[in-house]
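One letter stands for each residue in the lines below.
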Amino acid sequence: MKRPGPLLTLLAGVLLAAFILTLDSTTGTKSASSTYEKSSPRKPSPSAAPTTAAPSPTPKRSAAPAGVYTGRTDDDSSAVAVSLRGGKAIAYFCDGHNIESWLKGEVRGAGDMRLTGANGARLNGTLKGAGKLTGTADVGGGHYTFTLARAKKPSGLYRANSQVAGARIVGGWIVLPSGRQVGLVTRDGKPSAAPAIDPLTGAVTVDGQQLTARPVTP
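The model shown is predicted, which means the values in this text are computed figures rather than measured ones.

(A) Main features of the sheet that holds strand 15 (residues 214-215). Ordered in space as 12-11-10-9-15, the 5 strands form an open sheet in which the pairing is antiparallel. In this open sheet, the two strands that pair with only one neighbour each are strand 12 (190-193) and strand 15. The pairing of strand 9 (residues 156-164) with strand 15 spans 2 bridges and is classified as antiparallel. Paired with Arg159 across the bridge in strand 15 is Arg214.

As structure tokens, this is what we get:
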């Protein structure tokens, strides 16, 4: 019996290789590089939380000055008192004889005031440190300068307004820190020296009738 020739053996090998390739293509084998990997969806990275700038603190308004300031003019001829409250001011200028004036106006800023009264009277003042109030007054044709100190009770500014024996009585008193009192009482507009008041109660007797002088506030 004859053995197959070399040509026939080569042909058989080619056919076997073709068969193996055909089998691989139909089995659906996939390489690792072609495998689809399903990945879980990425969560978007949270953006930085919005920041709100803290509001700037509202500047505090300066409190309106309050209190009563009393003293004498620099030439020692008269007394002056100024009462401050709620941005308003009332002042009383008095020489204790025949010159007096009530003035009023507003307090600006930290303590500047421009007060006016009857017959062109004017008082300009400015609060200073250490409880001082300095200024000028133009009253009764005279010009005066002064430095006042903050008053402590019973010193201060007092006023009475009433009818006595058919006459209108208006009294003004400045009680200085020393206890000295300077004031005038007008009867229907005619001034005269004022009797002393009790600064603790405000009691005062005018023409035989007891009145009450009350602390002055704007």
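So, next bit.
(B) Quick look at the pattern of salt bridges. Here the structure, examined in full by the defined rule, presents 3 salt bridges. Across the salt bridge formed by Asp76 and Arg72, the nearest N and O atoms sit 2.5 Å from each other. Asp76 gets classed as partly exposed once you look at its relative accessible area, which sits at 48%. Residue Arg72 is classed as buried on the basis of its relative accessible area, which comes to 18%.

(C) Just the nonpolar core, in detail. Of all hydrophobic cores here, the largest spans 20 residues; its most connected members are Val82, Leu84, Leu123 and Leu133. Contributing elements (two or more residues each) for this core: strand 2 (79-85), strand 3 (88-94), strand 4 (100-108), strand 5 (112-117), strand 6 (122-128), strand 7 (132-139) and strand 8 (142-150). In contact with Leu123, other than residues within four places in its own chain, are Val80, Ala91, Leu103, Met113, Arg114, Leu115, Thr136, Ala137 and Phe146.

(D) Layout of the pairing of strand 11 (residues 181-187). In terms of burial, strand 11 is a largely internal element, 5 of the 7 residues being buried. By the bridge criterion, 4 bridges tie strand 11 to strand 12 in an arrangement that is antiparallel. Counterpart to Val185 in the pairing with strand 12 is Ser192. Joining the antiparallel neighbours strand 11 and strand 12 is a turn of 2 residues, in which Asp188 adopts a positive phi near 50°.

About the thresholds
- Residues numbered from 1 in each chain as written.
- Predicted model: local features only at pLDDT ≥ 70, side-chain atom pairs only at ≥ 80, totals over all residues.
- Heavy atoms only, no water.
- Pairing = 2+ DSSP bridges.
- Helix = DSSP H or I, 4+ residues; strand = E, 2+ residues; numbered from the N terminus.
- Salt bridge = Lys/Arg side-chain N within 4 Å of Asp/Glu carboxyl O.
- Buried < 20%, exposed > 50% of the residue type's maximum accessible area, 1.4 Å probe, protein only.
- Core = buried A, V, L, I, M, F, W, Y, C linked by side-chain atoms within 4.5 Å.
- Contact = heavy atoms within 4.5 Å.

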